[in-house]
Amino acid sequence: MAAASTQGPRAPKLAQLLERDPYLAPFEQDFQRRYALFYNRLKSIEENEGGLDKFSKSYKTFGVNQFVDGGVYCKEWAPGAEAVFLTGDFNGWNPFSHPYKKMEYGKWELFIPPGQDGYSPVPHGSKLKVVIRAQNGELLYRISPWARYVVRDQDKVNYDWVHWNPPQSYIRKHRSPERLKSLRIYESHVGIASPEGKIASYKNFTYNVLPRIKDLGYNCVQLMAIMEHAYYASFGYQVTSFFAASSRYGTPDDLKEMIDVAHSMGITVLLDVVHSHASKNSEDGLNKFDGTDSCFFHSGPKGTHQLWDSRLFDYSNWEVLRFLLSNLRMWIEDYGFDGFRFDGVTSMLYHHHGIGTGFSGDYNEYFGLHVDEDALCYLMLANHMVNFLHPECITIAEDVSGMPALCRPVAEGGGGFDYRLAMAIPDKWIQIIKELKDEDWNMGNIVYTLTNRRYEEKCIAYAESHDQALVGDKTLAFRLMDAEMYTNMSVLSPLTPVIDRGIQLHKMIRLITHALGGDSYLNFMGNEFGHPEWLDFPRKGNNESYHYARRQFNLTDDHLLRYRFLNAFDRDMNKSEERFGWLASPPAFVSEKHESNKVIAFERAGLLFIFNFHPYQSYTDYRVGVEIPGKYKILLDSDASEYGGHQRLDHNTEYFSEEYPHNYRHNSLMQYNSQTSFSQQPRRCHKHHIKVYIPSRVAIVLQNMDNAK
């Protein structure tokens with residue numbers, strides 16, 4: 001399809017985008033062209049396929065699908081094939097007895113009537129293959145790109161396609177939760193979700209992990225490595241079968257049950273969807289499905305990602321759009337997923353795929369010939385489809401480039417995503433911890449990184465994700481405490497300076513990221529309690545060991561270990577957000593970022609957050625500005641004993657505001673000792689007062705009791 005010209009339908013709400021950000025005005029034609037491309041493709045789908053609804057339901061006709069009468073209908077797109085056949089257990093693996101009929105546009109179809117008894121001619125659980133006769137006459141045995149279930153025997157290298165059509169599929173019992181105002185995401189991998197050195201199951205996640213997630217106060221689970229991938233160590237990012245839920249954890253019904261149980265707990269479930277590239281496998285993947293170098297992908301060098309060694313989709317291709325849009329639809333409607341985190345969006349958006357490119361924020365980096373507008377158009381179509389057919393669903397972009405308007409509605413000429421990941425934040429924490437002494441931490445730089453996001457484009461903040469947990473990198477806990485985590489995390493051993501520093505900073509970094517960094521929050525499973533080891537999947541380099549491909553949840557259950565302190569703080573941090581909703585509130589007002597004192601203070605959702613990052617200096621009589629007058633009390637204190645702190649703050653203390661402007665706020669906080677009688681309390685405008693005490697390496701959240709929830 002040729003790119004649309006700017007002479008076409010105009011983005012109806014583009015003026016609102018340009019008014020919000022006048023610096024985008026020079027690129028108005030780019031936005032118009034992108035919208036016209038989206039509009040014209042959507043219109044073509046409406047005119048040629050009977051509408052987007054029908055087009056995106058193609059998973060019900062492509063592949064192998066059973067009719068109500070027991071007959072089986074098979075359909076494939078193989079434009080480079082000379083002939084197509086279906087073989088398998090059902091016909092004694094005769095490669096030619098069931099030929100497909102050639103249709104227009106490279107499609108092939110086959111109907112197998114039901115048996116005399118009305119039963120399906122292709123039994124549930126039987127193995128199948130599509131046989132492709134290539135242009136050179138070679139016979140290729142392939143798994144259908146639309147296969148719903150593939151399995152691999154332990155003694156085999158490649159996956160087998162198994163026809164999944166059980167007599168009775170899992171029936172959903174619970175509705176999806178209502179769309180969340182703020183997401184507290186628990187990024188999860190089913191296979192490693194157990195302390196045991198093995199591949200864990202959907203059932204294990206359902207009954208052992210979901211209750212933990214609920215207890216920790218997370219309201220959303222983001223599932224990685226669900227789309228089938230032949231290489232376990234790829235972390236699910238080298239997908240071979242896009243419509244198949246990974247069989248290494250259990251059956252499709254096990255996954256459906258897991259999502260259903262999550263919904264019963266009020267937990268939203270997102271799928272980490274990989275539409276940015278595909279595995280190069282041909283025996284059990286999409287690559288060379290019809291014997292050609294192209295089919296679903298660009299041919300030649302354009303169709304291969306240099307760094308990932310994988311194939312790149314041709315997003316201008318009609319059948320690729322059908323395949324990918326139907327893929328999203330299937331995961332929502334068959335499994336009950338509530339949305340997607342799109343992986344590798346930066347790679348999709350640019351012809352250079354972000355390789356060797358540092359994004360400075362110059363707007364010229366986001367417009368021009370280096371932008372892959374076909375890929376951007378696909379993302380706009382995907383977000384439009386999800387929002388149109390399932391408005392309760394959520395979409396998240398993993399984009400490191402910072403493309404403007406990616407998280408604005410398509411009607412504005414935007415990408416249509418709900419959120420983007422704030423990928424600069426974890427990089428900043430690593431850089432600070434790795435390169436700077438505690439005395440040299442720059443408060444202004446921390447605040448800038450946490451607050452530097454586009455106005456009215458929602459961000460998901462995180463201190464670390466799975467990227468920082470992998471071998472070759474280090475989690476924040478490991479960077480802070482390293483080898484001492486193996487020897488000094490017991491409460492029976494002395495609290496060493498290294499462990500003390502690590503525990504206190506771990507809590508502070510998470511809270512300030514949570515409260516200041518975005519509109520939602522993400523944590524990778526296990527990192528909430530400072531998981532002591534990295535993540536490494538079984539591979540040749542580690543003798544196929546599962547020792548590091550696990551999460552040691554048992555460490556938080558041992559009351560003799562200090563991991564429970566971090567776990568408890570993470571739980572109460574989430575519970576506090578659930579109660580006050582700071583993630584869904586307008587961005588914070590930062591009243592203080594004092595370099596020498598190492599103090600940061602800000603207000604959000606009616607709460608006052610105070611952080612003292614100084615390694616040894618505590619402050620008495622410290623004045624902190626507030627906008628809303630009233631009586632304040634401690635809501636959350638990282639120095640509390642239940643969080644492994646030093647109990648330097650009296651939680652009965654009440655702090656009163658005074659009409660004394662400070663740091664651009666109309667009021668400032670005073671304090672009176674809880675042992676003082678009521679008659680001795682200072683009035684809010686009284687000049688005599690006791691000021692706030694802020695211990696070193698402590699985060700405090702204060703609640704205005706006059707507006708208590």
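Thresholds applied
Residues numbered from 1 in each chain as written. Predicted model: local features only at pLDDT ≥ 70, side-chain atom pairs only at ≥ 80, totals over all residues. Heavy atoms only, no water. Core = buried A, V, L, I, M, F, W, Y, C linked by side-chain atoms within 4.5 Å. Buried < 20%, exposed > 50% of the residue type's maximum accessible area, 1.4 Å probe, protein only. Contact = heavy atoms within 4.5 Å. Axes fitted to C-alpha atoms, helices over the stretch in contact; angles between N-to-C directions. Helix = DSSP H or I, 4+ residues; strand = E, 2+ residues; numbered from the N terminus. Parallel < 35°, antiparallel > 145°, perpendicular 65-115°, else oblique. Left-handed = near helix turned anticlockwise from the far one by under 90°. Nonpolar A, V, L, I, M, F, W, Y, C, P; charged D, E, K, R; others polar. Expected span 1.5 Å × (residues − 1). Salt bridge = Lys/Arg side-chain N within 4 Å of Asp/Glu carboxyl O. UniProt positions renumbered as here; feature names shortened; annotations may be inferred. Polar contact = N/O pair within 3.5 Å; in protein donor to acceptor, adjacent residues only side chain to side chain. Pairing = 2+ DSSP bridges. Phe/Tyr/Trp six-rings, centres within 6.5 Å; stacked < 30°, edge-to-face > 60°. Lys NZ or Arg CZ within 6 Å of the ring centre and 35° of its normal. Patch = residues over 30% accessible without salt bridge, like charges linked within 9 Å, V, L, I, M, F, W, Y side chains within 5 Å. Areas by Shrake-Rupley, 256 points an atom, 1.4 Å probe, with all protein chains shown as cover.

Moving on: the nonpolar core. Counting residues in hydrophobic clusters, the biggest one holds 186 residues, and the most contacted among them are Phe 205, Leu 255, Trp 331, Tyr 378 and Trp 429. If sequence neighbours within four positions are ignored, Tyr 378 has contacts with His 275, Tyr 315, Leu 321, Leu 324, Leu 325, Leu 328, Phe 342 and Met 348. Counting residues in each nonpolar core, the second largest holds 17 residues, with Ile 610, Tyr 622, Tyr 632 and Ile 634 among its members.

Across the interface, helix α9 (residues 424–435) lies against helix α13 (residues 497–516) with an axial gap of 12 Å and an inter-helix angle of 150 degrees. With respect to α13, the axis of α9 lies roughly antiparallel. Seen along the crossing, α9 lies across α13 with a hand that is right-handed. Along its contact with α9, which presents Ile 425, Trp 429 and Ile 433, the element α13 presents Ile 509, Ile 512 and Thr 513. Split into classes, the residues belonging to the contact of α9 with α13 amount to five nonpolar, one polar and no charged.

Our next topic: helix α5 (residues 252–264). The terminal C-alpha atoms of α5, which comprises 13 residues, lie 19 Å apart, in line with the 18 Å expected from a rise of 1.5 Å per residue. With twelve of 13 residues buried, α5 is to be regarded as a mostly interior element. Of the positions making up α5, those classed as buried are Pro 252, Asp 253, Asp 254, Leu 255, Lys 256, Glu 257, Met 258, Ile 259, Asp 260, Val 261, Ala 262 and His 263. Elements in contact with the buried residues of α5: α4 (202–216), β11 (220–224), β13 (241–245), β14 (268–273) and α6 (318–333). Gly 266 occupies a position one or two residues after α5 and carries a positive phi of about 80 degrees.

Taken as a whole, this structure holds 42 salt bridges when the rule is applied. The closest approach of N and O atoms between Arg 454 and Asp 21, which form a salt bridge, is 2.8 Å. Separated by 433 residues along the polypeptide, Arg 454 in the loop between α10 (443–451) and β20 (459–461) and Asp 21 in the loop between α1 (14–20) and α2 (28–49) bring together distant segments of the chain. Of the charged contacts, one joins Arg 341 and Asp 272 as a salt bridge, the two residues approaching to 2.9 Å between their closest N and O atoms. One end of the pair, Arg 341, is in strand β17 (residues 339–342); the other, Asp 272, is in strand β14, with 69 residues separating them in the sequence. Each of the two residues, Arg 341 as well as Asp 272, counts as buried. Three or more residues are tied together by salt bridges with common partners; here these are Asp 21, Asp 399, Arg 420, Arg 454 and Glu 457.

Moving on to the UniProt feature "active site" (unreviewed entry) in the chain. Within the UniProt annotation, "active site" (unreviewed entry) is assigned to Asp 343 and Glu 398. For the annotated residues, spread through 56 residues, the largest C-alpha to C-alpha distance comes to 5.5 Å, consistent with a single compact locus. Among residues more than four places away in sequence, those in contact with Asp 343 are Tyr 237, Asp 272, Val 273, Val 274, Ser 276, Met 348 and Glu 398. Excluding residues within four positions of it along the chain, Glu 398 makes contact with Arg 341, Phe 342, Asp 343, Gly 344, Val 345, Thr 346, Leu 421 and Met 423. Polar contacts involving the side chain of Glu 398 include one to the side chain of Arg 341, which spans 3.4 Å.

Moving on: the sheet that holds strand β1 (residues 63–66). Judged by pairing direction, the sheet is antiparallel, and its four strands sit side by side in the order β1-β2-β5-β4 without closing on themselves. Lying at the two open borders of the sheet, with one neighbouring strand each, are β1 and β4 (101–102). One ladder, built from two bridges, connects β4 with strand β5 (residues 107–112); its direction is antiparallel. Paired with Lys 102 across the bridge in β5 is Trp 108.

The next point concerns the packing of α6 against helix α8 (residues 373–389). Two elements in contact, α6 and α8, have axes separated by 11 Å at closest approach and are oriented at 35 degrees. At the point where α6 passes α8, the crossing takes the right-handed sense. Contacts between α6 and α8 involve Leu 321, Leu 324, Leu 325, Leu 328, Arg 329 and Ile 332 from the first element and Tyr 378, Leu 381, Ala 382, Met 385, Val 386 and Leu 389 from the second.

Okay, the side chain of Asp 254 next. One can find Asp 254 in helix α5. Asp 254 has contacts with Tyr 202 and Lys 203, leaving out every residue within four places of it along the chain.

Counted residue by residue, strand β3 (residues 83–88) has six buried out of six residues, so it is predominantly covered. For β3 and strand β6 (residues 127–133), the ladder comprises six bridges, and the chain directions are antiparallel. Bridge pairing in β6 links Thr 87 to Lys 129.

It is worth spelling out the pairing of strand β22 (residues 589–594) at this point. Sheet topology places β22 next to strand β23 (residues 599–604); five bridges connect them, and they run antiparallel. The residue bridging His 594 from the neighbouring strand is Val 599, located in β23. Connecting β22 to the antiparallel partner β23 that follows it, the hairpin turn spans four residues, and Lys 598 within it adopts a positive phi of roughly 60 degrees.

Looking now at the packing of aromatic side chains. Taken as a whole, this structure holds 49 aromatic pairs when the rule is applied. A connected cluster of aromatic rings, assembled from ring pairs, spans Phe 62, Trp 77, Trp 146, Phe 242, Phe 243, Phe 296, Phe 297, Phe 313, Tyr 315, Phe 323 and Tyr 378. Against the face of Phe 31 rests Arg 34, its NZ or CZ located 5.8 Å from the ring centre. Directly above the ring of Tyr 335 sits Lys 256, whose terminal nitrogen or CZ lies 5.3 Å from the centroid.

This brings us to the sheet that holds strand β18 (residues 394–397). What links the strands of a sheet is backbone hydrogen bonding, and the strands pair in either a parallel or an antiparallel sense. Pairing in this closed barrel of eight strands is parallel, and the strands run β10-β11-β14-β17-β18-β19-β20-β21 around the ring. When the angles between neighbouring strand axes are averaged without regard to direction, this sheet yields 30 degrees. Of the strands in this sheet, β10 (184–189), β20 and β21 (520–524) are in contact with α13, which crosses β21 at around 145 degrees.

The subject of this paragraph is unusual backbone geometry. Here Trp 93, not a glycine, exhibits a phi torsion of approximately 60 degrees, which is positive. Counting through the fold element by element, Trp 93 comes out in the loop between β3 and β4. The class for Trp 93 is partly exposed, based on a relative accessible area of 36%. Its identity as a non-glycine residue notwithstanding, Lys 288 has a phi of 55 degrees, on the positive side. A relative accessible area of 39% means that Lys 288 is categorised as partly exposed.

Another aspect to go through is the environment of Asp 338. When you line up the elements, Asp 338 lands in the loop between α6 and β17. When the C-alpha positions of Asp 338 and Ile 394 are compared, they lie 6.5 Å apart, and in sequence the two are 56 residues distant. With sequence-adjacent residues up to four places away left out, Asp 338 is seen in contact with Ser 176, Pro 177, His 263, Ile 267, Thr 268, Val 269, Leu 270, Glu 392, Cys 393 and Ile 394.

This part covers a nonpolar patch on the surface. Together, Phe 96, Leu 139 and Tyr 141 make up a nonpolar patch on the protein surface, roughly 250 Å² of accessible area in all. Along the polypeptide, Tyr 141 turns up in strand β7 (residues 139–142). A relative accessible area of 34% places Tyr 141 in the partly exposed class.

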